[in-house]
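Topology and contacts: notes
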Amino acid sequence: DQANTLADLEAKIRAVEARDAFYYVGVPLPPLADVQAQRDYRVATLRHQVRSIPTLRPYQKEAVEKCLADNRVIHLPTGTGKTLIAVKLIDYYMQSHTNSNILFIVPTRALVEQQAQYIQTHSLSPKCTVQQLCGMEMESWNADRWTACQKASKVLVGTSEVFRAR
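Residues numbered from 1 in each chain as written. Predicted model: local features only at pLDDT ≥ 70, side-chain atom pairs only at ≥ 80, totals over all residues. Heavy atoms only, no water.

**Details of the pairing of strand β2 (residues 130-133)**
Within a regular beta strand, the side chains point alternately toward one face of the sheet and then the other, so they alternate between its two faces. With 4 bridges joining them, β2 and strand β3 (residues 155-159) adopt parallel strand pairing. Along β3, the bridge assignment pairs V130 with V155. Crossover handedness for the path β2 to helix α6 (residues 143-152) to β3: right-handed. (Pairing = 2+ DSSP bridges. Helix = DSSP H or I, 4+ residues; strand = E, 2+ residues; numbered from the N terminus. Right-handed = clockwise from strand over helix to strand, strands pointing away.)

**With respect to the packing of aromatic side chains**
Per the stated rule, a full pass over the model turns up 2 aromatic pairs. Seen in terms of ring centroids, Y92 and Y93 are 5.1 Å apart; in terms of plane orientation they differ by 80 degrees. Their pairing is edge-to-face. (Phe/Tyr/Trp six-rings, centres within 6.5 Å; stacked < 30°, edge-to-face > 60°.)

**Observations regarding the environment of A63**
Along the chain, A63 falls in helix α3 (residues 58-69). Assessed through its relative accessible area of 12%, A63 is described here as buried. Not counting residues up to four positions away in its chain, the partners in contact with A63 are I74 and I85. (Buried < 20%, exposed > 50% of the residue type's maximum accessible area, 1.4 Å probe, protein only. Contact = heavy atoms within 4.5 Å.)

**A closer look at the confidence of the model for the protein chain**
A residue-level look at the protein chain finds 67% of positions with pLDDT of 70 or above and a mean pLDDT of 79. Averaged over each element, pLDDT in the protein chain is lowest for helix α1 (residues 2-19) (58) and highest for β2 (95). In the predicted structure, residues 20-27 sits below a pLDDT of 50 and forms 12 contacts with residues beyond four places in sequence or in another chain. (pLDDT = per-residue confidence, 0-100.)

**Re the sheet that holds β3**
Read across the open sheet, the 3 strands follow the order β1-β3-β2; overall the sheet is parallel. The sheet terminates laterally at β1 (102-106) and β2, the two strands that pair on one side only. Shown here is a sheet whose adjacent strand axes are inclined to one another by a mean of 20 degrees, direction ignored. On top of the sheet, helix α4 (residues 82-96) reaches β1 and β3; it is set at about 165 degrees to β1, its chief contact. (Axes fitted to C-alpha atoms, helices over the stretch in contact; angles between N-to-C directions.)

**Brief notes about the nonpolar core**
As a rule of thumb, soluble globular proteins bury nonpolar side chains together. I90, F104, I119, V130, V155 and V157 are the most contacted members of the largest nonpolar core, which totals 14 residues. Contributions of two or more residues to this core are made by α4, β1, α5 (109-122) and β3. If you tally residues by element for this core, the top one is α4, at 4 residues. If sequence neighbours within four positions are ignored, V155 has contacts with I90, M94, I102, F104, I119, C128, T129, V130 and Q131. (Core = buried A, V, L, I, M, F, W, Y, C linked by side-chain atoms within 4.5 Å.)

And the structure:
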């Protein structure tokens, strides 16, 4: 079944590549009337970007592609590059959802700084601004402070507790 899905994705990408010569040079197409055609174009554009990123291993490229095609959970052993996969997805979503924030939720306070620094260092997007959210002072944040944080930073990194009460 996965082979069929991947084959379908490959066929869609070939169709978009054949139809659209501009996608190779990064010139955006005018809005497409068909929602499926828009999705195919986004997948093909990202596929091209993923192919051009030499730092990703083949299984990481595949994970990025599958995450963009469908909602996925990545389950890989420690040290296999899950955060790099996440950074590539963050770059894509910052480009395609320019008015949105990205929440990067980590299980412990110790990982907040580590993951925030990794995202800031490895993101290829000039728009990538990262805010670390943890600590006791956040309990006193009011709505205005949260709004300012969201406007100042595209990626918010914190534990689930930070976001739970917001």
